[in-house]
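Residue strings, one per chain:
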Amino acid sequence: MKSPVSPAEVVQSQPQEVLEAFGVDAAQGLTSRQVDRQRDKYGWNRLDEAKQRGAGAIFVDQFKSPIIGLLAVAAVLAFAFQEWIEGIAVAIAIALNTLIGFTTELRAVKSMESLQQLSQTQAKVRREGQVQQVGADELVPGDIVVLEGGDMVPADLRLISASNLQVDESALTGESLPASKATQPVEPDLPLAEQTNRVFKGTAIRLGAAEGIVTATGMETELGHISTLAAQAGGEQTPLEQRLDQLGRRLIWITLVIAAVVAVSGIVQGKDLVLMVETAIALSVAAVPEGLPIVATVALARGMWRMAKQNALINRLSAVETLGSTSIICTDKTGTLTQNRMTASQIVVEAGTVQVDNSGTPFSLDNQSIDPQQHEALEQLLRVAVLCNNAEPPDADAPDRTIGDPMEIALLNLGQQAHLHRDELRSQWPEQREVAFDPDLKMMATIHNAQDGYWVAVKGAPEAVLERCTHYHTGQGVQSLDRENRDRWQQRMQATAEAGLRVLAFAAKTVDTAQGDPYSDLVLLGLVGLEDPPRQGVKDSIKACHQAGIRVVMVTGDQQITARNIGLAVGLVGDREAQALPGKALKPLDDLTDQHRQELQQVSIFARVSPEQKLNLIALHQADGAIVAMTGDGVNDAPALQKADIGVAMGQRGTQVAQEAADMVLQDDSFASIVAAVAQGRAIFRNIRQFTLYLLSGNTGEIIAVALASVVNAPLPLLPLQILYINAVNDVFPALALGLGEGDETMMQRPPRKGNEAVLTQDHWIAIGLYGLLIAATTLGAFAIALWVWQLDGTEAVTISFMTLSFSRLWHIFNMRSRGTHLLHNEVTHNPFVWGALVICTLILLAAVYVPGLSDALGTTGLSGRSWGLVFGASLIPLVVGQLGKVLFERNAKR
């Protein structure tokens, strides 16, 4: 049940009005009877448990794939006719795919469980006049909760008192900096990041203390709303899964037709009934590329391994390939495009704008290197930045481990660049008193002992500090801050903010007593502009995306102006007037006109985006046929990570909820790793397409050869067990070698495939038919020469056709090179696994002829030199013709 006070009423009412609406006294809290009554009415403060499939249901679902079902039928038939090798191979393929699918889906159901773990905290609550600690799930609307630094917020609260309160809401809002909170009413319908008088379940108190009244619990909290979205978003079936299902359904019909035609034609012509039934079953099994699931699994797993080496961990196997068809990447700003580390980049003093760099000359004015300690106003500003600061300087043994507000840490680093270290400054300027940051005044101050009294250091929001200043430092002295100069400084503040920087103002004064008002009659020293700078290499990665036909869209909880300037810095947009739209523009698809949809699809930057709006953005692009990858790190990102075709979570700063909802986790949180994963995904799909084409064209060749012989009432060129033996050899090793290819440099210079593009297009099916006819023709030709021209006995003639088909399929692997690649130098000839497969298969095929027992079982016999000459001459014909066809096709394409 919903709270008696709506969120809009909560934020725009005074604290006392909210307390009265709940009928509670802040000093006493609820009574035990009121708590029981509220719990009966609103329930426990828990998230709903996800309605998840059990392990048994997940296991059964693995057998619903058409190709798995077809393989199961093939295995049963193989065992029924005592074809043990083939039956075992098919059974292994089924078992391997079932195991991988089962484990990956079982892992996926943990996302909602992680959301529920956020509820398993303790809370300090005032009831019947006493502060007591209870389980967070025991809270009810109207409870008075006491918060202090380090606490997790146990429910959605309206603040009734707050002292220097700063809350880390990054997991919920995406805002990288802690949010300052106060009790004053605000406008309704603001984004969560701007509702300054509320704190939300699942966020963390960074600094200060507060008390608040519980306004929502359980599924009525913002966190509960997100868990509902995550459950509704669900997982989308990946393009690879869809395409393999389509291929499986097509193969079912092909298999049934082949079996019927061969069996009926042979029986009608008076051939042995048992032989024709066995042949029909063998051809049915041959029509199913039983090596496809094994090779696809190994190829995808190999892709996972390569991606892991490039800091991308894959949660779902099929996501490896789906990355290759990605056409839109929706990425967060903080930590992915940027370093997630605040850095001072500009200092504005009266003399001009000082640029700050991390190079050997960190401070420059008018393109000239300067020493800050030789400029009085600049030196005083940096001294204020270091002394009026509560952050802890980094430990020499752990420089990356910092404690404190990110902006204050950046100011400490700025001072160190100027060789102004806090310990040394504090020994010269001992701190006498601190006035903590006041969210209402938006300033803080420290008072230090000085030779001529006390020196007051002040920093804060530019407009607040400027209002308290009566003078400004010129660099040579102090002058009165008249209206003209005040307006001039106001313009400089605005210009710095419009550059996308977070701006702090610094002031100081000397006084006689440490107990006076620290904020009166201040001397303005200047401004510092801070930013979260772009990560190294991001600009090149975005350029690579554009070259590959992939659009990059920034989706952030930050301000529009900050997002736009980062977009300019990383090359996401090239026009300084480029538009950065607020998230509220992303309405549900049904509420958008066709023109509005098209306009939103062209926008590259969205700011202040809520979880629902992220889902709307994904749906917007998916409705246009795009394959969407979405990055995220917070609890608020879980629904979008589930909804996207590829969810990408951050490994370093990401929450467990986000990581388990995602398909891929970046260990280094770098956008460049996404681009590398996309390249690997493209290589994997091309490998899958190559070995599928290889398998089906080879299988088609043997099917056509046997089917034609059966239809025209000629002797069969292959025996049933020989057909199964060829498949056991040629459907695994060469195809596996193709599946392990690494790709080439041209992959990221082509546009992405369409999301609905089949594994095999119409052109590929035509190629399968032509290659199959070519292989069948050479096999039947060699068989005819041996049987009718050379008048060899049936066993030797069948052995020749058996070897011709086998080796023609081996050499056929070189026909799998991509169009436009060199005849001798291409991804197939440079693949060491291909050469290894050829050696292994050659030895196994020779064993079929010369190993006693095996040759008897297969019905083969030793061949003469002339016969081997026929075998190798005929088997090379498909390779030669195939390569000539590629050359002619490429020449025509160039014309």
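Predicted model, so just to flag it, every value in this text is computed and none were measured. (Residues numbered from 1 in each chain as written. Predicted model: local features only at pLDDT ≥ 70, side-chain atom pairs only at ≥ 80, totals over all residues. Heavy atoms only, no water.)

1. Overview of the overall build of the chain
Stated precisely, the cut-off is as follows: Numbering goes from the N terminus for both helices and strands, where a helix is a DSSP run of H or I of at least four residues and a strand is a run of E of at least two. Categorising residues by exposure relies on relative accessible area from a 1.4 Å probe, with only protein chains included: less than 20% of the type maximum marks a residue as buried, more than 50% marks it as exposed, and the intermediate range marks it as partly exposed. Two residues form a contact once any of their heavy atoms are found within 4.5 Å. For the accessible areas, the method is Shrake-Rupley and the probe is 1.4 Å, while residue cover comes only from the protein chains on display.
Secondary structure assignment for the chain yields 33 helices and 26 strands. Expressed as a percentage of its 895 residues, the buried residues of the chain come to 55%. Nonlocal contacts in the chain, meaning residues at least 24 apart in sequence, comprise 73% of its contacts between residues at least 6 apart. As displayed, the chain offers around 37,400 Å² of accessible surface, 53% of which is attributable to carbon and sulfur atoms.

2. Quick look at the nonpolar core
How we decide: Residue types Ala, Val, Leu, Ile, Met, Phe, Trp, Tyr and Cys, when buried and joined through side-chain atoms within 4.5 Å, form a set referred to as a nonpolar core.
Leu323, Met664, Phe671, Phe691, Ile800, Met803 and Phe807 are the most contacted members of the largest nonpolar core, which totals 98 residues. For this core, the element with the most residues is helix α25 (residues 671-711), which contributes 15 residues. What Ile800 contacts, discounting residues up to four positions off in sequence, is Ala782, Ala786, Leu792, Leu863, Ser867, Leu870 and Val871.

3. Focus on the packing of α25 against helix α29 (residues 794-811)
Which entries qualify depends on this criterion: Axes, fitted as lines to C-alpha atoms, cover a helix only where it is in contact. Angles between the N-to-C directions of the axes lie from 0 to 180 degrees. Any angle that is under 35 degrees is reported as roughly parallel, and any over 145 degrees as roughly antiparallel; angles of 65 to 115 degrees are reported as roughly perpendicular and all others as oblique. The crossing is said to be left-handed when, going from far helix to near helix, the turn is anticlockwise and less than a right angle, and right-handed when the turn is clockwise. The residue classification treats Ala, Val, Leu, Ile, Met, Phe, Trp, Tyr, Cys and Pro as nonpolar and Asp, Glu, Lys and Arg as charged. All others, Gly included, are polar.
Contact pair α25 / α29: the axes reach a minimum separation of 10 Å and the direction vectors enclose 160°. What the angle tells us is that α25 and α29 run roughly antiparallel. Handedness of the crossing formed by α25 with α29: right-handed. Across the interface between the two elements, Tyr694, Leu695, Gly698, Asn699, Gly701 and Glu702 from α25 touch Leu805, Arg809 and Leu810 from α29. Considering only residue class, the contact of α25 with α29 consists of 4 nonpolar, 3 polar and 2 charged.

4. Focus: the packing of α29 against helix α32 (residues 865-875)
The interhelical angle for the contact between α29 and α32, taken along N-to-C directions, is 35°, at an axis separation of 8 Å. The two elements α29 and α32 cross, and the hand of that crossing is right-handed. Between α29 and α32, the contacting residues are Glu796, Ile800, Met803, Thr804, Phe807, Ser808 and Trp811 on the first element and Ser867, Trp868, Leu870, Val871, Phe872, Ala874 and Ser875 on the second. Split into classes, the residues belonging to the contact of α29 with α32 amount to 9 nonpolar, 4 polar and 1 charged.

5. Some points on empty space enclosed by the protein
Over the atoms rolls a probe the size of a water molecule, and in doing so it shows where empty space is left. Under the convention used in this document: Each cavity reported here is a set of points on a 1 Å grid over the protein atoms alone in which a 1.4 Å probe fits but cannot get out, each pocket an open set with protein on both sides within 12 Å along at least five of seven lines, and each lining residue one with an atom within 4 Å of a point. Grid points are joined across faces, edges and corners, and a volume is the space filled by probe spheres set on the points.
Applying the stated criterion across every chain yields a total of 5 cavities of 30 Å³ or more. By volume, the largest cavity is sized at about 90 Å³. Looking at the lining of the largest cavity, the elements that each hand over two or more residues are β20 (522-531) and α20 (560-569).

6. Let's talk about the pairing of strand β2 (residues 130-135)
How we decide: When DSSP finds two or more bridges between two strands, those strands count as paired.
In this structure, strand β1 (residues 122-127) lies alongside β2, joined through 6 bridges in antiparallel fashion. Within β2, the position partnered with Arg126 by the bridge is Val131. Between β1 and β2, which pair antiparallel one after the other, the connecting turn spans 2 residues, and Glu128 there sits at a positive phi close to 55°.

7. Structural notes on the packing of aromatic side chains
Spelled out, the test is: Any two rings among Phe, Tyr and Trp, with Trp reduced to its six-membered ring, count as a pair given centres within 6.5 Å; such a pair is stacked if its planes are under 30 degrees apart, edge-to-face if over 60, and tilted if neither.
Counted under the stated rule, the structure contains 9 aromatic pairs. Taking the centre distance of 6.5 Å and the plane angle of 65° together, the rings of Phe783 and Trp788 count as edge-to-face. With centroids separated by 5.6 Å and ring planes inclined at 25°, the aromatic side chains of Trp868 and Phe872 adopt a geometry described as stacked. Of the two residues, Trp868 and Phe872 both sit in helix α32, 4 residues apart, roughly one turn of that helix.

8. Topic: helix α28 (residues 762-789)
Note the cut-off: In this analysis, the expected span of each helix is defined as 1.5 Å times one less than the number of residues it contains.
In this model α28 runs 39 Å from its N-terminal to its C-terminal C-alpha over 28 residues, within 8% of the 40 Å that 1.5 Å per residue would give. Among all positions in α28, only His764, Ile768, Tyr771, Gly772, Ile775, Ala776, Thr778, Thr779, Ala782, Phe783, Ala786 and Leu787 are buried. Where α28 terminates, the next one or two residues include Gln791, which has phi positive at roughly 60°.

9. Digging into unusual backbone geometry
Notably, Lys442 is not glycine yet its phi reads approximately 60°, a positive angle. Its place among the elements puts Lys442 in the loop between β14 (431-438) and β15 (443-450). The phi angle at Arg608 is positive, at roughly 50°, despite the residue not being glycine. Its place among the elements puts Arg608 in the loop between β23 (605-607) and α22 (611-623).

10. Remarks on the pattern of salt bridges
We count it as follows: Within this document, salt bridges are pairs made up of a side-chain nitrogen of Lys or Arg and a carboxyl oxygen of Asp or Glu, the two lying within 4 Å of each other.
Considering all chains together, one arrives at 16 salt bridges under this definition. A salt bridge links Arg46 to Asp137; the shortest N-O distance between them is 3.2 Å. Of this pair, Arg46 sits in the loop between α3 (32-42) and α4 (55-61) while Asp137 sits in the loop between β2 and β3 (144-148); the two residues are 91 residues apart in sequence, bridging distant segments of the chain. On the accessibility criterion, Arg46 (42% relative accessible area) is partly exposed. We note a salt bridge from Asp558 to Arg502, for which the minimum N-O separation is 3.0 Å. Remark: Arg502 occurs in strand β19 (residues 502-511) and Asp558 occurs in the loop between β21 (551-555) and α20; sequence separation between them is 56 residues. A residue is classified by how much of its surface remains accessible, and Asp558, at 2% relative accessible area, is buried.

11. Some thoughts on the sheet that holds strand β24 (residues 628-632)
Strand order across the open sheet formed by 8 strands is β8-β26-β25-β24-β9-β21-β23-β22, with mixed pairing between neighbours. Two strands bound the open sheet, and with one partner strand each, they are β8 (312-314) and β22 (581-582). Pairing geometry for β22 and β23, over 2 bridges, is parallel. Bridged to Leu581 within β23 is Phe606. Docked against the sheet, α20 engages β21, β22 and β23, running at close to 155° with respect to β23.

12. Focus on a nonpolar patch on the surface
Operational definition: Patch rule: a residue counts if its relative accessible area is over 30% and it has no salt bridge; like charges are joined within 9 Å, and nonpolar side chains (Val, Leu, Ile, Met, Phe, Trp, Tyr) within 5 Å.
Taken together, Phe79, Trp84, Ile88 and Ile92 make up a surface patch of nonpolar side chains, about 400 Å² in accessible area. Looking at the nonpolar patch, the element that brings in the most residues is helix α6 (residues 84-108), giving 3 residues. Mapped onto the elements of the fold, Phe79 is located in helix α5 (residues 66-80).

13. Topic: the pairing of β1
Bridging between β1 and β3 involves 3 bridges; their strand directions are antiparallel. Bridge pairing links Val125 to Val145 in β3.

14. Digging into the confidence of the model for the chain
For clarity, the cut-off: Residue-level confidence of the predictor is summarised by pLDDT, bounded by 0 at the bottom and 100 at the top.
On average, residues of the chain score 84 in pLDDT, and 85% of them are at 70 or above. Low confidence marks residues 108-119, where pLDDT is under 50. Its contacts with residues over four positions away, or in another chain, come to 34 contacts.

15. Overview of the side chain of Asp668
How we decide: Residues scored as positive are Lys and Arg, those scored as negative are Asp and Glu, and His as well as the terminal groups of each chain are ignored.
When you line up the elements, Asp668 lands in the loop between β26 (664-666) and α25. Although buried, Asp668 forms no salt bridge, and the nearest oppositely charged side chain, Arg535, lies 5.2 Å from it. Setting aside chain neighbours within four positions, we find Asp668 in contact with Asn311, Arg535, Gln652 and Ser673.

16. What to know about the side chain of Arg817
The criterion, for reference: Any pair of nitrogen or oxygen atoms within 3.5 Å is treated as a polar contact; in protein, a donor-acceptor pairing is required on top of that, and neighbouring residues in sequence qualify only through side-chain atoms on both sides.
Tracing the chain through its elements places Arg817 in the loop between α29 and α30 (832-850). Within the structure, the side chain of Arg817 is placed 2.8 Å from the side chain of Gln883, a separation counted as a polar contact.

17. Thoughts on the environment of Ser801
Topologically, Ser801 is positioned in helix α29. Remark: the alpha-carbon pair of Ser801 and Ala784, spanning 17 residues in sequence, is separated by 8.8 Å. Setting aside chain neighbours within four positions, we find Ser801 in contact with Pro717, Leu718, Thr779 and Phe783. Of note is the side chain of Ser801, whose polar atom sits 2.8 Å from the backbone oxygen of Val798.

18. So, the environment of Arg433
Along the chain, Arg433 falls in strand β14. Since its relative accessible area comes to 23%, Arg433 is described here as partly exposed. The spatial distance from the C-alpha of Arg433 to the C-alpha of Asn449 is 9.4 Å, given a sequence separation of 16 residues. Among all residues touching Arg433, those that are not within four sequence positions of it are Thr446, Ile447, Ala514, Gln515 and Gly516. There is a polar contact of 2.6 Å between the side chain of Arg433 and the backbone oxygen of Ala514.

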